[in-house]
Structures are given as C-alpha cells and as structure tokens.
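Commentary on secondary and tertiary structure
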Number of protein chains: 2
Amino acid sequence: MKLDSIYNSLTVPNKTKLALVVLDGLGDIATESTGFRTPLEVAKTPTLDGLAKHSAMGRMIPVAPGITPGSGPGHLGLFGYDPLEFEVGRGVIEALGLGIDLKAGDVAARANFCTLDTKGIVTDRRAGRIDTTVCEAQVAILKKKIKKIGDTEVIIQAGKGHRFVVVFRGKGLEGPLTNTDPNREGLPIAVAKPVKKTAKSTKAAKVIAAFYKQALPLLKNCRPANGFLLRGIAHQPAIPTFEQRYGLKAAAIAVYPMYKGLAQLVGMKIIDGPKTVADEFTAALAALKTHDYVFIHVKYTDMYGEDGNFDGKVKAIEEADAALRVLLPEVDVLVVTGDHSTPVPVKGHSWHPQPVMISGEIAGWDGLDRFTERAANHGSLGIFEAKFLIRLMQANAKRFDKFGA
Amino acid sequence: MKLDSIYNSLTVPNKTKLALVVLDGLGDIATESTGFRTPLEVAKTPTLDGLAKHSAMGRMIPVAPGITPGSGPGHLGLFGYDPLEFEVGRGVIEALGLGIDLKAGDVAARANFCTLDTKGIVTDRRAGRIDTTVCEAQVAILKKKIKKIGDTEVIIQAGKGHRFVVVFRGKGLEGPLTNTDPNREGLPIAVAKPVKKTAKSTKAAKVIAAFYKQALPLLKNCRPANGFLLRGIAHQPAIPTFEQRYGLKAAAIAVYPMYKGLAQLVGMKIIDGPKTVADEFTAALAALKTHDYVFIHVKYTDMYGEDGNFDGKVKAIEEADAALRVLLPEVDVLVVTGDHSTPVPVKGHSWHPQPVMISGEIAGWDGLDRFTERAANHGSLGIFEAKFLIRLMQANAKRFDKFGA
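Heads up: these notes are all about the structure in this document.

In this section: the pairing of strand E9 (residues 250-253) of chain A. Within a regular beta strand, the side chains point alternately toward one face of the sheet and then the other, so they alternate between its two faces. All names here are of chain A. Of the two faces of E9, the one lined by Ala250 and Ala252 and the one lined by Ala251 and Ile253 are each fully buried. Looking at chain direction, E9 and strand E11 (residues 293-298) are connected through 4 bridges and run parallel. Bridge pairing in E11 links Ala251 to Val294. Across 2 bridges, the pairing between E9 and strand E10 (residues 269-270) is parallel. Looking across to E10, one finds that Ala252 is bridged to Ile270. Considered for its hand, the β-α-β crossover made up of E9, helix H9 (residues 257-265) and E10 is right-handed.

All names here are of chain B. Looking at the second largest pocket, its volume works out to about 710 Å³. Lining the second largest pocket we find 26 residues, and of these Glu94, Lys160, Arg163, Tyr256 and Pro257 sit closest to its centre. Contributions of two or more residues to the lining of the second largest pocket are made by helix H5 (90-97), strand E3 (107-116), strand E6 (152-158), strand E7 (163-169) and helix H9 (257-265). Considering each element in turn, the lining of the second largest pocket owes the most residues, 4 residues, to H9. For the lining of the second largest pocket, the per-class residue count stands at 9 nonpolar, 5 polar and 12 charged.

Turning to empty space enclosed by the protein, a few remarks are in order. The full count for this structure, using the stated rule, is 5 cavities of 30 Å³ or more. The calculated volume of the largest cavity comes to roughly 80 Å³. In terms of lining residues, the largest cavity is bounded by 13 residues, among which Asp28, Ile29 and Arg59 of chain A together with Trp365 and Asp366 of chain B are the most central. In terms of residue class, the lining of the largest cavity is made up of 4 nonpolar, 4 polar and 5 charged. What the second largest cavity holds in volume is close to 70 Å³. Around the second largest cavity, the lining residues are Trp351, His352 and Pro353 of chain A together with Ala56, Ala363, Ser380, Leu381, Leu392 and Asn396 of chain B. Residue composition of the lining of the second largest cavity, grouped by class: 6 nonpolar, 3 polar and no charged.

Right, let's get into the pattern of salt bridges. All names here are of chain B. Within the structure shown, the criterion is met by 33 salt bridges over all chains. One salt bridge connects Arg370 with Asp49, and the closest N-O pair in it is separated by 3.2 Å. In this pair, Arg370 is assigned in the loop between strand E13 (354-359) and helix H13 (373-376) and Asp49 in helix H3 (residues 46-52), connecting sequence segments 321 residues apart. On the basis of relative accessibility, which here comes to 28%, the residue Asp49 falls in the partly exposed class. Asp302 serves as the salt-bridge partner of Lys299, at 3.2 Å between the closest nitrogen and oxygen. Of the residues examined, Asp302 reaches a relative accessible area of 3% and is grouped as buried.

Analysis parameters
- Residues numbered from 1 in each chain as written.
- Chains lettered and ligands numbered in written order.
- Predicted model: local features only at pLDDT ≥ 70, side-chain atom pairs only at ≥ 80, totals over all residues.
- Heavy atoms only, no water.
- Buried < 20%, exposed > 50% of the residue type's maximum accessible area, 1.4 Å probe, protein only.
- Helix = DSSP H or I, 4+ residues; strand = E, 2+ residues; numbered from the N terminus.
- Pairing = 2+ DSSP bridges.
- Right-handed = clockwise from strand over helix to strand, strands pointing away.
- 1 Å grid on protein atoms, 1.4 Å probe; cavity = no way out; pocket = protein on both sides within 12 Å on 5 of 7 lines; lining within 4 Å.
- Points joined across faces, edges and corners; volume = space filled by probe spheres on them.
- Nonpolar A, V, L, I, M, F, W, Y, C, P; charged D, E, K, R; others polar.
- Salt bridge = Lys/Arg side-chain N within 4 Å of Asp/Glu carboxyl O.

Now the structure itself:
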C-alpha cells in the first residue's frame, strides 16, 4: 500500500496509448509429451517476432510462487491489483460479466438451475443443461414474484444454459458465504452459512434462506429445472478504479462475460460487440481514439490448453499474432502476456510464470529474436510479480516522474 | 504469515512422493583460482544430466541478499520456515542433534570442556581436545550430582570430543543468553546474561549461574578438563510441524547430528543408521514407503568447500550423483540443491545463491543440458528466496488447489 501511494504521487499524464493483450493461459512448458517444445515456440508469429527487437521480456508470477490462480486473481494482478489484497468472489465476477451494475456491498451469487426429486434431493446439478430460453423463462417467473426480501432488493439475471446470477442489494450485507451446491448429486441443497460470522454475513445468510423459501415453490412445476444452487456468494468490495490509481482512461474488449466483469470491476469501459479475435483488435483500435489504455482478452489459448490440444493452442496464438498487427501503428506501449499458464501437459491452469513482452520506444532489446517462455527466461525484466506489470507499462509510457532528486 | 495461511488453505493431500536432496554447501563460484570453473561444472554427473530435461532450474537466496547463513537458517529456509521469522539457537540445534527430545520452552546450550588455571583463567578453550570417553566420564559425574536447580530440571549429554550439551527444563525460562565462552584464552569464564531482559531470561541466567556454582567444584580434580564454556544458549521455540504446515509426512536421513536436529525441530521422523552416502539414499528409498517426503543430507560437499579442496568437492558431487540414482523410480518430485554455497575460493559458507533443480512430470524443460550454477541462471525459476522451495515442490506434486475462480 505504501508503495502504491508512492507510485501514485509520481504519476504524470501524457498522451501516450497503452495496450495490454492477454492471451489467456498463454504460458506453457516443454515436456517429453510435447517434443520438448511449447506452443509459442512452434507457432509462426511474424508480428511478435517483429516486435522482439523493440521489447523487453521476462516472466511473471501471477500471485506467489507455486500458486495457480483462477481468472479473477490472474487478471487483477495484470491490472495492478495485488490478488492477495483484493479478493473478489466468483459471484461478483459473474454478475459483472452479465452486465449488472454492482454497487459496493452488493452480495452476488452464481446460480445453476438443478433438478430435485420429491424429497428435495439434488438428482441433476445442472438440470439436464436446459436451454438458455428455458432459463430465461424461469428467471422471468422469479423476477416477477420476488423483488424484495425485507429491506433487501433482489436482482436476478439469466445467463447461458442453466446458469443465472442473483444479487442481493441492501444495507448491512456481507460475504463470503458457503455454497448451497452440495457438489454432488444425492444430497439436498445445502444452507449458505457465513465463512466468518459477523452481523452482516449473518443477515446475508438469513436473506438467502428466505429467498430459497420464496423461490422454490415458484419453480415447483418446472421440469427438469425445479431447483437451483448458489455458489461463489460474495460481496462487491470497494476497489479504487483504474483511472484513480493510474490516471489511465481504460477500455476493455473481451468476448466472454467473466473478463468483461473483471474489467468492469476496476472501472474499465466495456466495449461490446466483437465476436472474433480480429473484431476484438479492430474494436481496440477504435477505442484507443477515446481511451489511454485498452485491455484485449483472447480466450482461445486457454481453452486449447485446458483441452491438452497443442496444435489448437498453436493456431490460437497464430490467429492472435495476425490480428494484433492492426494495433501497432497506434500504440506507444504494448504488452503481450497471459493471465497465467495453462500448459498443454497440465490440461489446466498452473503456477508456471507466464512469459511477458513489453514493446515500446524505450523498452530496449534484450537480444532475443522471438517471444517464447524460454527466451523470456533471459530477458531484462527477470521474473517478477504480475502486479508490477502496470507500473512497467506506466514507466515505458513515460508516465512517472523521477523519485527523489 | 498471511501468505502462509493462503498456502495452507489451498493444500490438498494426494499420494505423491517428494524428495529433497541437500548437498551441503553445493553452490560455488568460478574464479581465476579455479580455472573459471565450478566443481559442479567439472564433476561427471550422469544422473543429474539425465534429470535436466525434466527439470526447472534456478537459484535460491538462503536468507536475504548478501547474508551468509549458518546451517540452521540455511535448512529452515529449505524446509519453508522463513529464517528471519523462525530463529533457532545453536544450543537447541545441538541438543536435538544429540537426540534429546526437547520441549517448547527448554533452554539449551552447547558446552565445551576447557582448562582453567588456579585463578580461574581459561588457558585452553577446548581442554586439549580430550577424548570422547573422557568427556563421557566427566559428564557422568555432573549428571549424577546435578539433577535439579530449584524447580529446574538439568539434562546433560556428552557429545564428541570435548563437546556436550546442557538443557534446562522448567517453568518460566527463556533465551537467548550471552555466551560464557570468553572467545579467547587468558580471560575468565564470562557470565551468561539475557540478550533481552525479561523475567524469564533473568531466571534462566540465575539458573545457569547456580549450575556453574555446583558444577565447577565437581570438576576441580579433573585434568585437563576442569571447566566448561557455554555457547548458543537459547530456548526451543514453538514451531508448527512440517505435517501441520504442508500436510506432508516427512522423514530425514542425515549422518551428522546437527542436521538430524534441524529436521527433528520441524517434526520430521529421523531415520538412524546410514553411515555412507549410498546408505543414505537406500534408507531414503525405504522411508518413502511410509512417508510422503524425504530429506537427505549429504555433508561432504560442504566439508571440501570449507577446506578449499576443489577436487574433493568434485568427487563428493560425483558420489552423490551416483547414489541418487536409486531414488528416481520412486519419486514424483525431486529437488537437488544446497542449503547455501560453500565456494572453494571462499573456504567457508557464503551468500552466493545456491543452484536448485526441481524435477517432475510437469516441471518443464528449461532447455538446459546440465545442472550447474551458471546454467541455473537461465532457468525458469529465476532467483528466489529459499523459503518458497517447499511451495514449488507442493505445486509440482499437484498438492495445491487453484486460488480464486
């Protein structure tokens, strides 16, 4: 915190344009199963190769050594918010992703429709993965009948398939609460309990119990989705905005709701519309006309990593490399990195430091010809905590005064 | 501490086997005097070479930049206990090494027999390095006559040569106290004084003064060992065990008492018996059947480093490399490192970061063909504090859940 206030006192405005390109789960490892190569090493990346001579490279620890982050902590770190200091519940992130304009203190939960038998036992935690239209219809029933519980406003919004979000807005509420999802079939819906008992979290638990009491009878005749489970129940913490912290007016371009939610959480303007990776970069180019900083999220690298699909990850990198080119003439400081590693051999997120490249007029060439994990080991940035990335971007954009005389 | 509790909350059990191989004082430096090579570079290490392709490498700072650690802080760091937070006195370590089952609050001191002249002046701080049998006979005299001082129990145990250990066990005792060793001949035995004056440390000082008053007359007719000096007077701190912190059932194999003591301090099971390096690894293999984690300590690299014996250190590395092979089929995550550097040109411990190698299925190859200090500079682990090593081992063993959603 003290360091943050020093950075803050040194921050100066100028007209530079900054871009953060996150290829989700970019980092990978070279093992025997991959022929001792990584997707970044195999991919043809003419744009990144061209940038290498104008770039400093390194690797970033998303949270702390050995800790595998979820997308929330991964992105908060990239945005300069220490994930150990700013913890954000999954319900909050999902609600923001669905475009709900959360206020500090709102308690939000991810919800799934599920199937209950006559005794109230969960027989299908995803209600046969009902169609989005069915979900919307059932959410409409709940919305119509339940607007308030005591002095607490209830906001319900449908998502994709069996998913929706519930937000409780009122005085004196606080999370986190335990899930009502029993995590497997054959058990009844669990009771949401305070993780840490306070007056506020106790009230939140009572409101949720009352919500269930009103909502379940309304779904009684719905088949197969006659029940619902809540997870990631948490309140929206008070977080200083990106502009307050860095003096940067920021826009965000992402296809998936969660990443829009994370960007919105720190006060970025969400640019809706883009469907393809190429669209995303075109939209980013437009956004730079009215913003200082743009965050572009590319999901597919992570998806192929999770699938253990080496060739798919290679192609996703190549697609992003091609799409990225349009941005170059308009950006002063460009970062390409991941929010964490999703190595093909791991088939999931991991703690391995993700590679990072900062390009700009005064980044300085590290003598590395390509941007890869193993090249980045030799870079001038070393291995550092992701929360410092934004500070290096500000510095490269000459947006910091000298510290001391 | 907050970070420790996060690691703790993420810890999950599984059936993986972990091994930490410590080649004491492994790290070295390349100077003109060594032909600009290090012992690790010159040694023939087919086992380590074979592991390199399945390993991530880096270097570790034992305590903090520029700080040369003793064996205590060096090992505590490797075990994941921040040596700046967990300070353990040398007396405690020696007592544990002699197999005394210390309890939290016990005050322990290393003791040397010495020679006093008729005026009580120390004329030989090591009493002519008397034989162990003489030491044992004199300790027997003291033990027989002195069992308690007030309400404080006195435990005395002979060590090697002129060395023994005294433990004071009772209510309301605390260290550290200053040494009674005047550090050179020609001075009288010094008075042990509290480093920080508290009721407990004042009581400990009084007990020690009373102990001297009773013990010296008993040694009056002993020649040459008619006195003794106390050093490293400290109490056993309350330390959470390895199993409590990491969920790992740990065994330790070491030949020298001090390293057994350090392992015992954190709750590892000491496997006694091995005399040679080959024996140690065979014992480790057996211990893995009933333990999750095994710590193997090899002393000789450090001894040759202290002697400035380059070829000796090379041979010690080669011996360990050969002995290590037996372990490979049974271990999921293997670490080879030192507790600090003992460079041949320094002839002593040093602060130079020791090289470290983590091998495992998802460690990822850094593109380095051999495990050496200068190769490790290019590794994906970077240069990090030794206290994080255990966290990287846990991560590689897939013993951590994801942090956040």
